[in-house]
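These are the residues of each chain, in order.
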Amino acid sequence: MKQRLITGVIAGAVFVALAVLGGAFYTGLLVLLAIIGFYEYTRMNGFSPFHPSALLGFAGVLYFVLPWEAWGVSMPSPLTIMWMLAFLLLAVTVVTKNKTTIDGASLMLLGALYVGYGFAAMIAVRDMGEHGLFWTFLSFGCIWASDIGAYFTGRAIGKTKLWPSISPNKTIEGAIGGVVLSLIVAVVFAILGPDTVSIGRALLIGVVAAIAGQFGDLIQSAYKRVRNIKDTGNLLPGHGGVLDRCDSWLIVFPLLLLTELIPV
């Protein structure tokens, strides 16, 4: 716990500082996290990062997260890129005479979308002009509040298992505690920024961030259980890898954008 706390405080301080700076600092950090995250993803699925399918996956991630528009580069639509990526990954199965299977091709396509668009959504929220930092901190505030609320409520009064076959330690009481604390944080942001977000919208963001964030955590837990691993990596002592720490973020930010709860 001591190691987790020290690592968490240091990493959190660096992350917040770069988020405040924004621009190339924040984008650069998230691009780096996306690359490391996809590297973890390839390893946990038994692919070398230099395998042709993995390299195509990395290309898909970079398509999503790099600031092409800021560089004046016109890129094809996401649907076009995903189709081309699918075609090339399937072509690898033919060229390798099924040494790379269709299952492997599907995994790399899924990973490129999951990791790439997840981090791209975080960048898009921060780049929303004068209110980008507010929406970023509101979203992360609700996610982190949900994590904290679920952990301490679960430890204090948790009795009913939420999903024991996936994550044995999580409880229904903890999950509810996470939602409640997320809602409280959302209301605080609405009070601090009434001209930016209404209390109604803030509450919806709080609910979505808490529930989707907990699902993001469970998704990663389920995947690690299938692969029989404890952590996706060891980048952060006591916390595991990038995917371990960012599992909630990768689900919440795209969902907030797709539902237009954050009005990009």
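Everything below is about the structure shown above.
Parameters at a glance
- Residues numbered from 1 in each chain as written.
- Predicted model: local features only at pLDDT ≥ 70, side-chain atom pairs only at ≥ 80, totals over all residues.
- Heavy atoms only, no water.
- Salt bridge = Lys/Arg side-chain N within 4 Å of Asp/Glu carboxyl O.
- Helix = DSSP H or I, 4+ residues; strand = E, 2+ residues; numbered from the N terminus.
- Buried < 20%, exposed > 50% of the residue type's maximum accessible area, 1.4 Å probe, protein only.
- Axes fitted to C-alpha atoms, helices over the stretch in contact; angles between N-to-C directions.
- Parallel < 35°, antiparallel > 145°, perpendicular 65-115°, else oblique.
- Left-handed = near helix turned anticlockwise from the far one by under 90°.
- Contact = heavy atoms within 4.5 Å.
- Nonpolar A, V, L, I, M, F, W, Y, C, P; charged D, E, K, R; others polar.
- Phe/Tyr/Trp six-rings, centres within 6.5 Å; stacked < 30°, edge-to-face > 60°.
- Core = buried A, V, L, I, M, F, W, Y, C linked by side-chain atoms within 4.5 Å.

Chemist: How do you make sense of the pattern of salt bridges when you look at a structure like this?
Modeler: Any two side chains of opposite charge can pair, given that their charged atoms come close. Within the structure shown, the criterion is met by three salt bridges. When the shortest N-O distance is used, the salt bridge between lysine 170 and aspartate 217 registers 3.5 Å. Linking lysine 170 in strand E2 (residues 167–171) with aspartate 217 in helix H8 (residues 199–227), this pair joins segments that are 47 residues apart in sequence. Salt-bridge contacts for lysine 230 lead to aspartate 231; the nearest nitrogen and oxygen are separated by 3.7 Å. According to the relative accessible area criterion, aspartate 231 is partly exposed, its value standing at 32%.

Chemist: What should I look at first to understand the environment of lysine 159 in this one?
Modeler: As for its placement among the helices and strands, lysine 159 is situated in the loop between helix H6 (132–157) and strand E1 (161–163). Expressed as a C-alpha distance, the spacing of lysine 159 and lysine 170, which sit eleven residues apart in the sequence, is 9.3 Å.

Chemist: Which parts of the structure should I look at to understand the packing of H6 against H8?
Modeler: How two helices sit against one another is set out by the angle between their axes and by the gap between those axes. One way to put it is that H6 packs onto H8 with a least axis distance of 8 Å and a crossing angle of 50°. If you check the angle between H6 and H8, you find them oblique. Here H6 and H8 pass one another in a crossing that is right-handed. Within the contact between the two elements, H6 uses Trp135, Leu138, Cys142, Ile143 and Ser146 and H8 uses Arg201, Ile205, Gly206, Ala209, Ala210 and Gln214.

Chemist: Whenever I open this one, unusual backbone geometry confuses me. Can you help?
Modeler: Among all residues save glycine, negative phi is the norm, and among peptide bonds the norm is trans. With phi around 55°, lysine 97 is a residue other than glycine that occupies positive phi space. Relative to the elements of secondary structure, lysine 97 occurs in the loop between helix H4 (78–95) and helix H5 (102–126). Phi is positive for glutamate 260, close to 60°, though the residue is something other than glycine. Looking at the element boundaries, glutamate 260 is found in the segment after helix H9 (242–258).

Chemist: Would you explain the side chain of threonine 136 in this entry?
Modeler: By secondary structure assignment, the location of threonine 136 is in helix H6. Exposure remark for threonine 136: the relative accessible area of 0% places this residue in the buried category. Setting aside its immediate chain neighbours within four residues, threonine 136 contacts Tyr26, Val125, Arg126 and Phe253.

Chemist: Which parts of the structure should I look at to understand the packing of helix H3 (residues 52–65) against H4?
Modeler: Running from amino to carboxyl end, H3 crosses H4 at an angle of 175°, the nearest separation of the two axes being 10 Å. When the interaxial angle is binned, H3 and H4 end up roughly antiparallel. Contact residues: Pro52, Ser53, Leu56, Gly57, Gly60, Tyr63 and Phe64 in H3; Pro78, Ile81, Met82, Leu85, Leu88, Leu89 and Val92 in H4. By residue class, the composition of the contact of H3 with H4 is eleven nonpolar, three polar and no charged.

Chemist: Explain the packing of aromatic side chains to me, please; I cannot follow it from the model alone.
Modeler: Ring pairs (aromatic) are described by centroid distance and by the angle formed between their planes. Taken as a whole, this structure holds 18 aromatic pairs when the rule is applied. Both rings, one in tyrosine 63 and one in phenylalanine 64, keep their centres 5.2 Å apart while their planes meet at 70°; by these two values the pair is edge-to-face. Considered together, tyrosine 63 and phenylalanine 64 belong to a single accessibility category, that of buried residues. Taking 4.8 Å as the distance between ring centres and 80° as the angle between the ring planes, the aromatic pair formed by phenylalanine 140 and tryptophan 249 counts as edge-to-face. Taken together, the positions of phenylalanine 140 in helix H6 and tryptophan 249 in helix H9 put the pair 109 residues apart, joining distant regions of the chain. When its relative accessible area of 0% is taken as the criterion, phenylalanine 140 is described as buried. By relative accessible area, which is 9% here, tryptophan 249 ends up buried. Aromatic rings pair up to connect Phe15, Tyr26, Phe140, Trp144, Trp249 and Phe253 into one cluster.

Chemist: I keep staring at the nonpolar core and nothing clicks. Help me out?
Modeler: A general trend in soluble globular proteins is that nonpolar side chains are found buried together. Among the nonpolar cores identified, the biggest contains 62 residues, and Val65, Phe119, Met122 and Trp135 are the most heavily contacted of them. If one sorts the elements of this core by residue count, H5 sits on top with twelve residues. Leave out the neighbours within four places in its chain, and tryptophan 135 touches Val125, Met128, Thr196, Val197, Arg201, Ile205, Leu261, Ile262 and Pro263.

Chemist: What exactly am I supposed to notice about the environment of leucine 18 here?
Modeler: Summarising the element assignment, leucine 18 is placed in helix H1 (residues 2–21). In sequence terms leucine 18 and tryptophan 249 are 231 residues apart; their C-alpha atoms lie 17 Å from each other. Apart from the residues within four sequence positions on either side, leucine 18 is in contact with Phe25, Tyr26 and Leu29.

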